[in-house]
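Here's the letter readout for the chains.
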Amino acid sequence: MTLEDFTEYTGDGDAADEGDDAAAPDEVDPAEHAGESAADGGSAAEVPAETAERDAEDDAFADYEATPAGTDSGLGVVSVSQGLRVAEEEDETSLKAFVTTGNRESVRLGKYLLIPYPDGERLFCRITGLEYAQEFQSDDATEIHARRQMRRDEFAERDYKFVADLEPMSVVYGEGDEMKRRMTDRVPKPGAVVEEAADDAEIKTGLKIPDDGVFLGHLSVGGEKVRTAAEPPTVDYRVKDDYADGDPLAFRHTLVAGGTGSGKTHASKNVLRQYLDSDRTYPMGDGRESRMAVVQFDPQDEYAQMHDDNDDLDDAFARRLEREGIAHGGHDDTVALVPRVANATYPGEGHRAERVEFTIPFSLAREMPWLVAGSGLNDNQYPALLTLINRFFDDYGDSGTYSQFLSFLDDPALKEELHESGRIHEATFDAVKRRVRGVPSGVFDQDAKPITELDHTLVRPGGLSVIPTYHLPTSRQKEIVVLAVAGLLVDDKLSNDPESDRIKETPLLVGMDEAHNFLADADNVQAQKVVQKFTEAAKQGRKERLGLFLITQDPQDVAESVFKQVNTKIVLNLGDEDAISSVNIPANLAGKVPYMEKGQMVVYSPDNSEPVELIGLSECVTRHD
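Residues numbered from 1 in each chain as written. Predicted model: local features only at pLDDT ≥ 70, side-chain atom pairs only at ≥ 80, totals over all residues. Heavy atoms only, no water.

A separate point is the packing of aromatic side chains. Under the defined criterion, the tally for this structure stands at 16 aromatic pairs. Their ring planes at 35° and their centres at 5.3 Å tell us that Phe362 and Phe405 sit as a pair that is tilted. Of this pair, Phe362 sits in the loop between β18 (354–359) and α7 (381–396) while Phe405 sits in helix α8 (residues 402–409), and the two are 43 residues apart along the sequence. Between Phe392 and Phe408 the ring centres are 5.5 Å apart and the planes differ by 65°, which places this aromatic pair in the edge-to-face class. Taken together, the residues Phe392 in helix α7 and Phe408 in helix α8 connect sequence positions 16 residues apart. (Phe/Tyr/Trp six-rings, centres within 6.5 Å; stacked < 30°, edge-to-face > 60°. Helix = DSSP H or I, 4+ residues; strand = E, 2+ residues; numbered from the N terminus.)

Pasting the structure below:
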C-alpha cells in the first residue's frame, strides 16, 4: 500500500485519486442502489436504520433515573478556606459563609443568621460583608474578557464564589422552656449550615430584646422589616419598663434626634402614647401603683392633637395594633396648659383638648433667679442678683411682682446703701439692673392662675399636659415659660421638702421638643445654672421616678453633662455629620443614618438590647396633621 492509495479530501465532498477515474460519492444514484437492494430481497430503509440505531446505542452513555438525596436547607455553609476563628478581639475573628447560587439575591448586609452547633446550641450572627471571588484563577481585566461580558445576556453565578463575612453576636440556647443567650465562646464546625434567623424568640434572644415593655417599632435590616414564620411575622422592639432587671428605662432618659421631615414628632407621639396606656403602672415607695404623668413642652402646637383619634387609622390597622399590644387612639385625659402672655393669643385650632390658661408668678424667681437675668451675667453679677432678689422678697413677701421689683431697683437709696456697705458695687448694681430690665414684658404675673397653684392640673397620673409656646411672640418669652415650668417640676421632684406632694409622688416624664434651645452649653452663668439643674434631674431622676424625653434636630448642641446621662437614643434621618457624630452610635449604623427614609430609625440603648435598626409604625396612633 502506498500513499497514492489515499484519496485527497477537497473540502466539498469530492474524493479523487491521481491514477483512477473514480466516481464521486454524489454521482451514485440512490434509486438505483435502492433497486439493487430490493432485487436481492433486502430492505433499503430498514437495514441501514437498524444498524445505525445499534451503533448509536453502543456509543451513548447509559441514562439512569435519579433524584438528589434530601433537600437543600439554609443559605449556605461555613467555609474554612479563608480561615475559621472566633476571638475576643473583633479584628481577630474570621467567620465566613459560602452562599449557594439560588440564595444570593436574598442576602443583604446586616441580615441576621444562625449557625447550629452539634449539641443544639446556635451561633447568632449578622452579615457584615459580601464579596464575589473567582472560582478558577483567571485574568478578567482584559479587553477580550470585557467585550465578551458586554455581549452576554446573562451572568453565570456558578462561575464565581459568593462569600459572606459574619460577625458573631451571641450564642443562643434553650434552658427548659426558656431561651437564653451568652457571649460567643465557641467556634462553629466547618461546613455547618448557615440559615436565616426566622424565629421571633431566637431573634429577640440573640439581640437581647425584651419581650415586654414600651413599643418603639419593628426590627428591620436595610429598610425592610425582618420577617419570621410567626404571626404576626414582624419582630416588635420594646424598651424595658419594669423593675425586674433594674430601673425602667423611661427614668434613665430618652433622646429622639432627627432632621426636619424625618418623622421624629410622629415617632415621639407613638412612644408617648404607650406611656399613657391605662394598663401601664409603676410601683411607688409607699406600696401604691401609679400611672405615668407626661408633661410635654410643645413649640409647634402639635402634641395636644394626641387628645384626638387619627381618622386615617382604619379598623384593620387598629386590630393589628391590638394583637401586638400597642396602645392607640386619642388620649382623653389631655389638657393644653396655655401660658398667658401680654399681647399674645393662643388659637388652638388644631385639637379638641381642654385648655387651661396659666401665668408665671414672679415668686418663682426666688428659687430660679436666672429667669430674670435678661442676658448673660458674669461671676460677679450673678451673686449681686441673688442679693437683690432675696432683699426684695424679704421686703415684699412671695406676693411681690415683677413690676414691683423694677421699681425696687429704681430706688437710689438702695443702690447707695449696698455700695457703701461693700456688698454690691454701684457699677455691678447698674449692670444687673440693665439685664433685669432686658426681660421681655408681659411674661410674669398676667391675668391667669399661677402655675404654682395648678400642680394637680399640671401633673395627673395617666394624664398628658401639653405646654404650647408657638403663640408666644419672642424666643426669650418661650425660654422663660419652658424653663420656669420645667424647673418647678424638677425642683419638686428632687426636693426632700417639696412644695407639691402631687408632683413628688407621681411618676413623671418631662418631654421637651427643640431641647437644644433650652439645654445648650454656654459661657454665661444663667445658661450654666439651667444646664446644672437639668443635669441633676438626669442624674437623680431614676430614683425619683423622673424621666426626660428630649427631642431635637441638633443633638450636638445639647449640653454634654445632660446628654451623657441619656440611656436610650432614637436616631432618625440626620444629614449633618456633626449631629450624627454626636449621638455616638456604632459606625455600621451611623453610616445608614443619612439614607434612612421617613420613619426609619436606629435605636441605641445598651441596657436594653444590641444596637438595631427599626421601622416605626406607618400610621400615628393618635391624630397627627
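On to the nonpolar core, then. Of all hydrophobic cores here, the largest spans 91 residues; its most connected members are Leu388, Phe444, Leu458, Met512 and Phe534. It is helix α12 (residues 475–494) that provides the largest number of residues to this core, a total of 11 residues. Excluding residues within four positions of it along the chain, Phe534 makes contact with Leu483, Ala486, Val490, Met512, Leu519, Leu548 and Val562. (Core = buried A, V, L, I, M, F, W, Y, C linked by side-chain atoms within 4.5 Å. Buried < 20%, exposed > 50% of the residue type's maximum accessible area, 1.4 Å probe, protein only. Contact = heavy atoms within 4.5 Å.)

A word on the layout of surface pockets. Put simply, the largest pocket is a space of about 840 Å³. At the level of elements, β6 (122–134), β7 (160–175), β8 (178–182), β10 (214–221), α17 (587–590) and β25 (612–615) are the ones that each hand at least two residues to the lining of the largest pocket. Considering each element in turn, the lining of the largest pocket owes the most residues, 6 residues, to β7. (1 Å grid on protein atoms, 1.4 Å probe; cavity = no way out; pocket = protein on both sides within 12 Å on 5 of 7 lines; lining within 4 Å. Points joined across faces, edges and corners; volume = space filled by probe spheres on them.)

In this structure, Pro232 follows Glu231 across a cis peptide bond, with omega equal to 5°. Looking at the secondary structure, you find Pro232 in the loop between β11 (224–225) and β12 (236–239). Positive phi is not limited to glycine here, since Arg545 has a value of about 60°. As for its placement among the helices and strands, Arg545 is situated in the loop between α14 (525–544) and β22 (546–552). A positive phi is found at Asn584, a non-glycine position, where the angle reads about 55°. Position of Asn584 among the secondary structure elements: in the loop between α16 (577–583) and α17. In this structure Asn584 comes out as exposed when scored by relative accessible area, which is 53%.

Here the focus is empty space enclosed by the protein. The full count for this structure, using the stated rule, is 2 cavities of 30 Å³ or more. In terms of lining residues, the largest cavity is bounded by Val214, Leu216, Val239, Thr254, Val271, Tyr275, Phe549, Thr568 and Ile570. Elements supplying a minimum of two residues to the lining of the largest cavity: β10, α5 (264–275) and β23 (568–571). Among the residues forming the lining of the largest cavity, the class breakdown is 7 nonpolar, 2 polar and no charged. Quantified by volume, the second largest cavity comes out at close to 40 Å³. Lining of the second largest cavity is provided by Leu75, Gly76, Ala97, Val99, Val107, Leu113, Ile127, Ala164, Leu166 and Val194. Elements with a minimum of two residues in the lining of the second largest cavity: β4 (96–99) and β7. (Nonpolar A, V, L, I, M, F, W, Y, C, P; charged D, E, K, R; others polar.)

The next subject is helix α9 (residues 412–420). Where α9 begins, one side-chain oxygen reaches toward the backbone nitrogen of Ala413, 3.0 Å away; that side chain belongs to Asp411. After α9 finishes, the residue Gly422 shows a positive phi value of roughly 80°. (Polar contact = N/O pair within 3.5 Å; in protein donor to acceptor, adjacent residues only side chain to side chain.)

Here we come to the pairing of β12. Note on strand geometry: in a regular strand, side chains alternate between the two faces of the sheet. Residues Asp236 and Arg238 point to one face of β12 and Tyr237 and Val239 to the other, with burial holding for every one of them. Summarising the sheet, β10 and β12 pair through 4 bridges and their orientation is antiparallel. By the bridge assignment, Phe215 is partnered in β12 with Arg238. (Pairing = 2+ DSSP bridges.)

With that settled, the discussion passes to the pairing of β10. Burial within β10 is extensive, with 8 of its 8 residues counted as buried. Pairing between β10 and β25: 3 bridges, direction antiparallel. In the strand pairing of β25, Ser220 is matched with Glu613. Relative to β11, β10 runs antiparallel, the two sharing 2 bridges. By the bridge assignment for β11, Ser220 is matched with Lys225. Hairpin connection from β10 to β11: 2 residues lie between these consecutive antiparallel strands, with Gly222 at a positive phi of about 60°.

Below, the discussion takes up the side chain of Ser605. By the secondary structure assignment, Ser605 is in the loop between β24 (600–604) and β25. Setting aside residues up to four positions removed in sequence, Ser605 forms contacts with Tyr237, Leu249, Asn567 and Thr568.

Turning next to the side chain of His351. Considering the arrangement of structural elements, one finds His351 in the loop between β17 (334–339) and β18. When residues no more than four places from it in sequence are discounted, the contact partners of His351 are Asp301, Ala304, Gln305, Asp308, Ala336, Tyr346 and Arg623.

As a packed pair, α7 and helix α10 (residues 426–437) sit with axes 9 Å apart at the nearest point and diverge in direction by 75°. Classified by the angle between their axes, α7 and α10 sit roughly perpendicular to one another. Seen from α7, the contacting residues are Gln381, Ala384, Leu385 and Leu388; seen from α10, they are Thr428, Phe429, Ala431, Val432, Arg435 and Val436. Split by residue class, the contact of α7 with α10 holds 7 nonpolar, 2 polar and 1 charged. (Axes fitted to C-alpha atoms, helices over the stretch in contact; angles between N-to-C directions. Parallel < 35°, antiparallel > 145°, perpendicular 65-115°, else oblique.)

Geometry only, nothing functional implied.
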